[in-house]
Amino acid sequence: MTANTAPDLLDFAPLGAGHFARIEDKVAALMRTRETVVTMQGEALLPLEACIRSAVRPGSTALNIITGPYGETFGGWLRSCGAEVVTVSAPFSGAVSAEQVAEALRANPGIDFVSLVHAEAATGNTNPVAEIAAVVREHGALLMLDAVASIAAEPLLTDEWGIDLCVIGGQKAMAGPAGVSVVSVSARAWERIAANEQAPRRSYLSLLDWKERWIDGGRAALPHAPAQLEMLALEQAADRIAGDGLDGVIARHRAASAATRAGVRALGALAPYVVRDADAAPAATTLRAPDGVDARDIVAAALAADASVPVQAAGGTLATEMIRVNHYGLDADREVVLDSLAALAAGLRALGVPVADEDGALAAAGKAWDAVISG
């Protein structure tokens, strides 16, 4: 950054309580909620951990649904709160069904808290939240949803689905900042939190502190200095989505996913990691590398062909077998998808891996994109 551009990020008037509240309202509208929201000054792991530590008490029983690495993280937090944890999981190549959840609830009637990730960008799958939420609501448990990778990429109907704690971040499909995040809290979730003697107080993790010092006071005075740049960026992201139309933004992400999957199938050398199209997350498409070929080498070769494409290797134990094509925000774009497919084809050829039909792959991708956008 040069001296000429630095003042653009430095010389702002203070962000007042009224402006902060208006930003919250814009994000709540995208979440389709009229419940109270708390905008926490940190990445989305902050409110996710805050929700669990606030709502889960020692001796309770929680159901943790795992379809990727974030679900695994939630299980550790739940256990550290003293909860007995029942786990329902699915292969990272698919999703959990509502019937699996219903079976776990029937077998464990004492479950009073359920944690679920809507879409796992790390593994490229998405779960049927509306159906799962209906089962959880009938059982009477609280439902916490991680919607960080689904907000603005696929429908999120927080109130209609009966989600008690819904956490979003701005850094993926919203194409906004990572430094602030939002959680909506239902009335019954607030009741549960208030009754939990172990809920954090006088802590950065405390939802109750935010409620008492911000919400209960009519959002008239901020409890501390806000993360001003991140809040303003979050507002711009919400305004851009509102200007483009949320349905249109969601359609672009769905089109990017469908086009990538269609193009990869035509290439022949790669395959979608998530098997069923219905289980594929619109925010990111994961691909399975050919047997005997390291996914990291394919990514490196693809980026050598075109460094601009949003292609990366997966992390952890999946790094050698999984490739991820991100569709976050502005990368949910027809030309970006086509460029990504072309770069992957070039990378495969550079490694001596045969590619069936690059032209056919690009044509299939374009056709799939158009079908979603026009449909």
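Reading the values: rules and limits
Residues numbered from 1 in each chain as written. Predicted model: local features only at pLDDT ≥ 70, side-chain atom pairs only at ≥ 80, totals over all residues. Heavy atoms only, no water. UniProt positions renumbered as here; feature names shortened; annotations may be inferred. 1 Å grid on protein atoms, 1.4 Å probe; cavity = no way out; pocket = protein on both sides within 12 Å on 5 of 7 lines; lining within 4 Å. Points joined across faces, edges and corners; volume = space filled by probe spheres on them. Helix = DSSP H or I, 4+ residues; strand = E, 2+ residues; numbered from the N terminus. Nonpolar A, V, L, I, M, F, W, Y, C, P; charged D, E, K, R; others polar. Axes fitted to C-alpha atoms, helices over the stretch in contact; angles between N-to-C directions. Left-handed = near helix turned anticlockwise from the far one by under 90°. Contact = heavy atoms within 4.5 Å. Pairing = 2+ DSSP bridges. Core = buried A, V, L, I, M, F, W, Y, C linked by side-chain atoms within 4.5 Å. Buried < 20%, exposed > 50% of the residue type's maximum accessible area, 1.4 Å probe, protein only.

- An unreviewed UniProt entry lists the protein under the name Pyridoxal-phosphate-dependent aminotransferase family protein, with Streptomyces abikoensis given as the organism.
- According to its UniProt record, the protein has this under Cofactor (unreviewed entry): "pyridoxal 5'-phosphate".

### A word on the layout of surface pockets
The rolling of a water-molecule-sized probe over the atoms marks out the regions of remaining empty space.
Point 1. In this structure, the largest pocket occupies an estimated 380 Å³ of space.
Point 2. Taken together, 20 residues form the lining of the largest pocket, with R254, D277, A278, A280 and P282 sitting closest to its centre.
Point 3. Taken together, the elements giving at least two residues each to the lining of the largest pocket come down to helix 5 (129-139) and helix 10 (246-267).
Point 4. For the lining of the largest pocket, a count of residues per class yields 10 nonpolar, 4 polar and 6 charged.

### Overview of the packing of helix 11 (residues 295-305) against helix 12 (residues 334-350)
Point 1. Running from N to C, helix 11 and helix 12 point in directions that differ by 115 degrees, and their axes come no closer than 7 Å. Classified by chirality, the crossing of helix 12 by helix 11 is right-handed. On the side of helix 11, the interface is formed by I298, A301, A302 and A305, while helix 12 contributes A343, L344, A346, G347, L348 and A350.
Point 2. Taken together, the residues of the contact of helix 11 with helix 12 break down into 9 nonpolar, 1 polar and no charged.

### Concerning the sheet that holds strand 10 (residues 271-272)
Point 1. The antiparallel open sheet is built from 4 strands, whose spatial order is 10-11-13-12. Only two strands of the sheet have a single neighbouring strand rather than two, namely strand 10 and strand 12 (311-313).
Point 2. One ladder, built from 5 bridges, connects strand 11 (residues 284-288) with strand 13 (residues 322-326); its direction is antiparallel. The residue bridging R288 from the neighbouring strand is M322, located in strand 13.
Point 3. Lying over the sheet, helix 11 contacts strand 12 and strand 13, oriented at roughly 155 degrees with respect to strand 12.

### Some thoughts on the nonpolar core
Point 1. If you look at the biggest cluster of nonpolar residues, it comprises 98 residues, and the most contacted ones within it are L63, F113, L165 and I168.
Point 2. Top element by residues in this core is helix 1 (residues 17-31). It accounts for 8 residues.
Point 3. In this structure, I168 is in contact with V27, M31, A44, A147, V148, I151, L156, M174, S181 and V182, ignoring residues within four places of it in sequence.
Point 4. V325, A332, V337 and W369 belong to the second-largest nonpolar core, a separate cluster that totals 29 residues.

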